[in-house]
Amino acid sequence: MIVLLLVLAFWTVAAFGGLGLLRSGRAPLETLTWLYTVLALIVGSSIALCLAVVDIFRRIRRELWEYRQLGSHRAAADR
């Protein structure tokens, strides 16, 4: 959940002010470096988001499996 919140915060900040550097009169190499850095952050945040969602679903599935196993053991004990 922490990773999801961090990615959401990153995208919110990016949406509200990330393009501000493009409006300023900076050197082309500085702008290009900034764009590559932002691209790396976008790719990294997308990968982190996917891994976090997969991990959350894996944990939910494991919890459901353990819950079902516990239920089947209780049913067997009741017989």
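Look up: the structure comes first, before these words.
In this text, all values refer to a predicted model and were calculated from it rather than measured experimentally.

> Hey, could you run me through the overall build of the chain in this one?
Looking only at helices and strands, the chain has three helices and zero strands in total. Beginning at the N terminus, the succession of helices and strands in the chain can be written as α-α-α. Looking at the chain residue by residue over its 79 residues, the buried ones come to 6%. As displayed, the chain offers around 6800 Å² of accessible surface, 71% of which is attributable to carbon and sulfur atoms.

> What exactly am I supposed to notice about the side chain of serine 45 here?
Counting through the fold element by element, serine 45 comes out in helix α3 (residues 28-78). Serine 45 gets classed as buried once you look at its relative accessible area, which sits at 8%. Side chain to side chain, serine 45 and tryptophan 11 meet in a polar contact 3.2 Å long. If sequence neighbours within four positions are ignored, serine 45 has contacts with Val7, Phe10 and Trp11.

> What is the right way to look at the pattern of salt bridges in this model?
Close approach of charged atoms allows side chains with opposite charge to pair. Under the defined criterion, the tally for this structure stands at two salt bridges. With its nearest N and O atoms 2.8 Å apart, the salt bridge here joins aspartate 55 to arginine 59. With aspartate 55 and arginine 59 both in helix α3 and four residues apart, this pair spans about one turn of that helix. Since its relative accessible area comes to 44%, arginine 59 is described here as partly exposed. Salt bridges linked by common partners bring Asp55, Arg58 and Arg59 together as one network.

> Explain the packing of aromatic side chains to me, please; I cannot follow it from the model alone.
Note on aromatic pairs: each is described by the distance of the centres and the angle between the planes. Scanning the model with the defined rule gives one aromatic pair in all. An angle of 80° between the planes, with centres 5.8 Å apart, marks the rings of phenylalanine 10 and tryptophan 11 as edge-to-face. Of the residues examined, phenylalanine 10 reaches a relative accessible area of 25% and is grouped as partly exposed.

So, how was this worked out
Residues numbered from 1 in each chain as written. Predicted model: local features only at pLDDT ≥ 70, side-chain atom pairs only at ≥ 80, totals over all residues. Heavy atoms only, no water. Helix = DSSP H or I, 4+ residues; strand = E, 2+ residues; numbered from the N terminus. Buried < 20%, exposed > 50% of the residue type's maximum accessible area, 1.4 Å probe, protein only. Areas by Shrake-Rupley, 256 points an atom, 1.4 Å probe, with all protein chains shown as cover. Polar contact = N/O pair within 3.5 Å; in protein donor to acceptor, adjacent residues only side chain to side chain. Contact = heavy atoms within 4.5 Å. Salt bridge = Lys/Arg side-chain N within 4 Å of Asp/Glu carboxyl O. Phe/Tyr/Trp six-rings, centres within 6.5 Å; stacked < 30°, edge-to-face > 60°.

Just geometry here; none of it tells us what the structure is for.
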